[in-house]
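Here is what each chain is made of, one letter per residue.
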Amino acid sequence: MKSDKSSEEFYKTLRKRLKKTSDWPAPYLYKFILPSSDQKNVDQLISIFDNLGAVISTKKSSKGKYTSVSINVTLKSPDIVIEKYKEVGEKIENVISL
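Before going into details, it helps to say that this report is about the structure given with it. (Residues numbered from 1 in each chain as written. Predicted model: local features only at pLDDT ≥ 70, side-chain atom pairs only at ≥ 80, totals over all residues. Heavy atoms only, no water.)

### A closer look at the side chain of asparagine 41
The residue asparagine 41 is located in helix α2 (residues 39-48) in this model. Setting aside anything within four residues of it in sequence, one finds asparagine 41 in contact with Leu34, Ile92 and Glu93. (Helix = DSSP H or I, 4+ residues; strand = E, 2+ residues; numbered from the N terminus. Contact = heavy atoms within 4.5 Å.)

So, in structure tokens, the structure goes:
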């Protein structure tokens, strides 16, 4: 993911909202969608959240073309939430963050 001005502004706004709406550490739910044809990317996404005590669930779309991945994890701060989004964007191709 490019680190351009609009994405930095997005993360700045997200950080403010997370600080305002939650007491940290707090649970956070990530949702991603990936093409099912590349299981390697799904596995890599899961590995990014490995060893964090995350509860991860996957579900294929009705036609099996896409896989949705929900990751529920308790994190220490909004900065870590954003770090994980950036890490996913940098390491995994064709991922959609919801």
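### Focus on the pairing of strand β3 (residues 66-75)
In terms of strand pairing, strand β1 (residues 26-35) meets β3 through 10 bridges, oriented antiparallel. Each bridged residue has a counterpart across the sheet, and for phenylalanine 32 the counterpart in β3 is valine 69. The pairing of strand β2 (residues 55-60) with β3 spans six bridges and is antiparallel. Its bridge partner being in β3, isoleucine 56 is matched across the sheet by isoleucine 71. Linking two consecutive strands that pair antiparallel, namely β2 and β3, is a turn of five residues; a positive phi of about 80° is found at glycine 64 within it. (Pairing = 2+ DSSP bridges.)

### Here's the deal with the pattern of salt bridges
Per the counting criterion, the structure on display carries four salt bridges. The residue glutamate 87 makes a salt bridge to lysine 84 at a minimum N-O spacing of 3.4 Å. Of this pair, glutamate 87 and lysine 84 both sit in helix α3 (residues 78-91), three residues apart, roughly one helical turn. Judged by relative accessible area, glutamate 87 falls into the partly exposed class, the value being 21%. (Salt bridge = Lys/Arg side-chain N within 4 Å of Asp/Glu carboxyl O. Buried < 20%, exposed > 50% of the residue type's maximum accessible area, 1.4 Å probe, protein only.)

### Regarding the nonpolar core
It is characteristic of soluble globular proteins that their nonpolar side chains tend to be buried jointly. Counting 21 residues, the largest nonpolar core has Tyr30, Phe32, Leu45, Phe49, Ile71, Tyr85 and Val88 as its most contacted members. When residues no more than four places from it in sequence are discounted, the contact partners of phenylalanine 32 are Leu45, Phe49, Thr67, Ser68, Val69, Ile71, Tyr85, Val88, Val95, Ile96 and Ser97. (Core = buried A, V, L, I, M, F, W, Y, C linked by side-chain atoms within 4.5 Å.)

### Brief notes about the packing of α2 against α3
For the pair α2 and α3, the least separation of the axes is 10 Å and the interaxial angle reads 155°. Comparing the axis directions of α2 and α3 gives the class roughly antiparallel. Of the two possible hands of crossing, α2 and α3 adopt the one that is right-handed. For the pair formed by α2 and α3, the contact residues are Gln44, Leu45 and Ile48 on the first element and Lys84, Glu87, Val88 and Lys91 on the second. Of the residues contributing to the contact of α2 with α3, the split by class is three nonpolar, one polar and three charged. (Axes fitted to C-alpha atoms, helices over the stretch in contact; angles between N-to-C directions. Parallel < 35°, antiparallel > 145°, perpendicular 65-115°, else oblique. Left-handed = near helix turned anticlockwise from the far one by under 90°. Nonpolar A, V, L, I, M, F, W, Y, C, P; charged D, E, K, R; others polar.)

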